Amino acid sequence: FAHARATTPLGLAFWGAALLGAVAAALAKLVPARLARIERKALLPEKVGLALEAVDARLYRDLSGRSDLLKGLYERVLRPFSTSPVVLASICVRGPTQRAMRERLGARIRALVGEDERLAGLDGLLAVTVERQALRAQRVLERVLRGASFAHVVVAAGLAVLVALHVWEQLR
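Residues numbered from 1 in each chain as written. Predicted model: local features only at pLDDT ≥ 70, side-chain atom pairs only at ≥ 80, totals over all residues. Heavy atoms only, no water.

Participant: Help me understand the packing of helix α2 (residues 45–63) against helix α6 (residues 122–171) in this model?
Facilitator: The relative placement of two packed helices is expressed as an angle between their axes plus a distance between the axes. One can describe the packing of α2 onto α6 by two numbers: an axis separation of 9 Å at closest approach and a directional angle of 165°. The angle between α2 and α6 falls in the class roughly antiparallel. Here α2 runs over α6; the crossing is left-handed. Contacts from Pro45, Val48, Gly49, Ala51, Leu52, Val55, Asp56, Arg58, Leu59, Asp62 and Leu63 of α2 reach α6 at Gly124, Leu125, Val128, Thr129, Glu131, Arg132, Leu135, Arg136, Gln138, Arg139, Glu142 and Arg146. Per-class residue counts for the contact of α2 with α6 are 10 nonpolar, 4 polar and 9 charged. (Axes fitted to C-alpha atoms, helices over the stretch in contact; angles between N-to-C directions. Helix = DSSP H or I, 4+ residues; strand = E, 2+ residues; numbered from the N terminus. Parallel < 35°, antiparallel > 145°, perpendicular 65-115°, else oblique. Left-handed = near helix turned anticlockwise from the far one by under 90°. Contact = heavy atoms within 4.5 Å. Nonpolar A, V, L, I, M, F, W, Y, C, P; charged D, E, K, R; others polar.)

Participant: For this particular structure, what's the right way to read the side chain of Ser84?
Facilitator: Take Ser84: it is sitting in the loop between α3 (68–83) and α4 (85–94). Using a relative accessible area of 17% as the deciding quantity, one classes Ser84 as buried. There is a polar contact of 3.2 Å between the side chain of Ser84 and the backbone nitrogen of Val87. Residues in contact with Ser84, not counting those within four places in the same chain, are Gln133 and Arg136. (Buried < 20%, exposed > 50% of the residue type's maximum accessible area, 1.4 Å probe, protein only. Polar contact = N/O pair within 3.5 Å; in protein donor to acceptor, adjacent residues only side chain to side chain.)

Participant: Got a minute to help me understand the layout of surface pockets in this structure?
Facilitator: Gaps between atoms show up when a probe of the same size as a water molecule is rolled over them. In this model, the largest pocket occupies a volume close to 180 Å³. Around the largest pocket, the lining comprises 14 residues; the ones closest to its centre are Arg40, Lys41, Ala51, Glu131 and Leu135. Looking at the lining of the largest pocket, the elements with two or more residues in it are α2 and α6. (1 Å grid on protein atoms, 1.4 Å probe; cavity = no way out; pocket = protein on both sides within 12 Å on 5 of 7 lines; lining within 4 Å. Points joined across faces, edges and corners; volume = space filled by probe spheres on them.)

Participant: How should α2 be read in this particular structure?
Facilitator: The periodicity of an α-helix, 3.6 residues per turn, causes residues three or four positions apart to be oriented the same way. Its 19 residues give α2 an end-to-end C-alpha distance of 28 Å, which sits within 8% of 27 Å, the value for a rise of 1.5 Å per residue. Along its buried surface, α2 packs onto α3 and α6. Of the residues trailing α2, Gly65 is marked for its positive phi of about 80°. (Expected span 1.5 Å × (residues − 1).)

Participant: When you look at the packing of aromatic side chains in this model, what are you seeing that I'm missing?
Facilitator: For any two aromatic rings, the description comes down to two numbers: the centre-to-centre distance and the angle of the planes. A full pass over the atoms with the stated rule returns 2 aromatic pairs. Their ring planes at 80° and their centres at 4.8 Å tell us that Phe14 and Trp15 sit as a pair that is edge-to-face. Judged by its relative accessible area of 42%, Trp15 falls in the partly exposed class. Between Tyr60 and Tyr74 the ring centres are 6.5 Å apart and the planes differ by 75°, which places this aromatic pair in the edge-to-face class. Linking Tyr60 in helix α2 with Tyr74 in helix α3, this pair joins segments that are 14 residues apart in sequence. (Phe/Tyr/Trp six-rings, centres within 6.5 Å; stacked < 30°, edge-to-face > 60°.)

As structure tokens, this is what we get:
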């Protein structure tokens, strides 16, 4: 550890690689379990964007022909839920199931409005809204996992180059 002082380039690279490796390992342990709870079905990362577009199309198709009450609830409660970065961060950290999110959001809406026949179709809207936020969380978690691993590899490669240069300099 004599050369691993945090003030030298070699030390910075060593501690950076170690720290990023620990972060990447922790994420590799935590993220897959959260993804398994969040996602309804496994999607390749490049398909998540297409799935989001399909969910948005389904959302607007489901809204057409619905009651004004349901459209108002979408504007005031469901849309903010599906676009909120705070909700997104909460889903990424806690990893609730889509079913639990639908039940909690449905209970919140029913507490606001009560039971009303104009709420016909609410369950479908809840499902689509929650699925949209779950897809966004899936995209974020996959990017964080890949980004941490990539950063670790880059810093470790830099460390290898610095070690090779250091050895070369010491042997000359």
